[in-house]
Amino acid sequence: MADITGDQRIQSEVLEGLATAVNHRQWFVELALPYLGENPIEIGSGLGDYALAWSEHVPRFTATEADPDRLVQLKERLADHPSIDVRQMLLPAADASGEFSAAVSYNVLEHIEDHVGALRSMAELVRPGGRIILIVPAFMFAMSQVDIATGHIRRYTKKTMRAAMTEAGLTIEKLHYANALGLIGYYTATSIFKLAPKEGPMVKIYDSVVLPVTKAAEKIVKPPFGQSVFVVAKVPG
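What you are looking at is a predicted structure, and each value in this text was computed from that prediction instead of being measured.

1. So, helix H8 (residues 180–192)
Over its 13 residues, H8 extends 18 Å from the first C-alpha to the last, a length consistent with the 18 Å expected when each residue adds 1.5 Å. For H8, the set of buried residues is Ala180, Gly182, Leu183, Tyr186, Ala189, Thr190 and Ser191. Elements in contact with the buried residues of H8: helix H6 (145–149), strand S6 (171–178) and helix H9 (201–220). Positive phi appears at lysine 194, one or two residues downstream of H8, with a value of about 60°.

2. With respect to the packing of aromatic side chains
Using the criterion set out here, one finds 9 aromatic pairs in the structure. Considering the side-chain rings of tryptophan 27 and phenylalanine 28, the 5.4 Å spacing of their centres and the 55° angle between planes classify their relative orientation as tilted. Summarising the burial analysis for this pair, tryptophan 27 and phenylalanine 28 share the class buried. Through a chain of ring-to-ring contacts, the aromatic side chains of Trp27, Phe28, Tyr50, Trp54, Phe61 and Tyr106 assemble into a single cluster.

3. Some details on the sheet that holds S6
Taken together, the 7 strands give an open sheet; going across it, the order is S3-S2-S1-S4-S5-S7-S6, and neighbouring strands pair in mixed fashion. Single-partner strands in this sheet number two, and they are strand S3 (84–88) and S6. Relative to strand S4 (residues 100–106), strand S1 (residues 41–42) is paired through 2 bridges, and the arrangement is parallel. For glutamate 42, the partnering residue across the bridge sits in S4 and is valine 104. Seen against the sheet, helix H2 (residues 22–32) touches S4, strand S5 (126–137), S6 and strand S7 (228–234) and runs at an angle of roughly 150° to S4. Running at roughly 170° to S3, helix H4 (residues 68–78) makes contact with strand S2 (61–65) and S3 of the sheet.

Thresholds, definitions, all that
Residues numbered from 1 in each chain as written. Predicted model: local features only at pLDDT ≥ 70, side-chain atom pairs only at ≥ 80, totals over all residues. Heavy atoms only, no water. Helix = DSSP H or I, 4+ residues; strand = E, 2+ residues; numbered from the N terminus. Expected span 1.5 Å × (residues − 1). Buried < 20%, exposed > 50% of the residue type's maximum accessible area, 1.4 Å probe, protein only. Contact = heavy atoms within 4.5 Å. Phe/Tyr/Trp six-rings, centres within 6.5 Å; stacked < 30°, edge-to-face > 60°. Pairing = 2+ DSSP bridges. Axes fitted to C-alpha atoms, helices over the stretch in contact; angles between N-to-C directions.

Here is the structure:
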């Protein structure tokens, strides 16, 4: 079983800061909704913000976390939601249950050395014809000390994501960049000013002013770059 990469304290601080970006989260919640099916599993649920949002749209939802301390917090937060199961999971791992309609994982794959093995593990969790839904950070030039401290091994392009999916035996159905202005802001904040994306006025201004404009524009035209890569792949029959 692979190690959990990155400083867990810094990861938690970043997660808590990004939890205040409610418009950003709602956008990314909506991206995955058409592909979740009725019984999805989330790999790397963190604080549970996405799990709570997605669980409102499906009969059954499974949230997972690799870090033991964060798993305890996740179980406590989701205890009053009977439609959500919580379990510990670290990928790559052997689990050929094939019981889920989809596996969704946001900003997790970049932490895993054997990312192709992790994709294959996700596929084993999902029944044939189900989906793998991912968001990962984009472009290696934006790799900053924040990425390194939080355990990012890599950032992706559409080309490298396609290669990983193909090697894992998955068929890509949707692949595009998301949040173009976010990439510019992230690079400026983390690489030039050496700031971490923590809770504060910068995150609030981005979320309330910049994000709605970006989201509206990208519904019309998919940008040639972005802060994230969004991908949906189908598990073969």
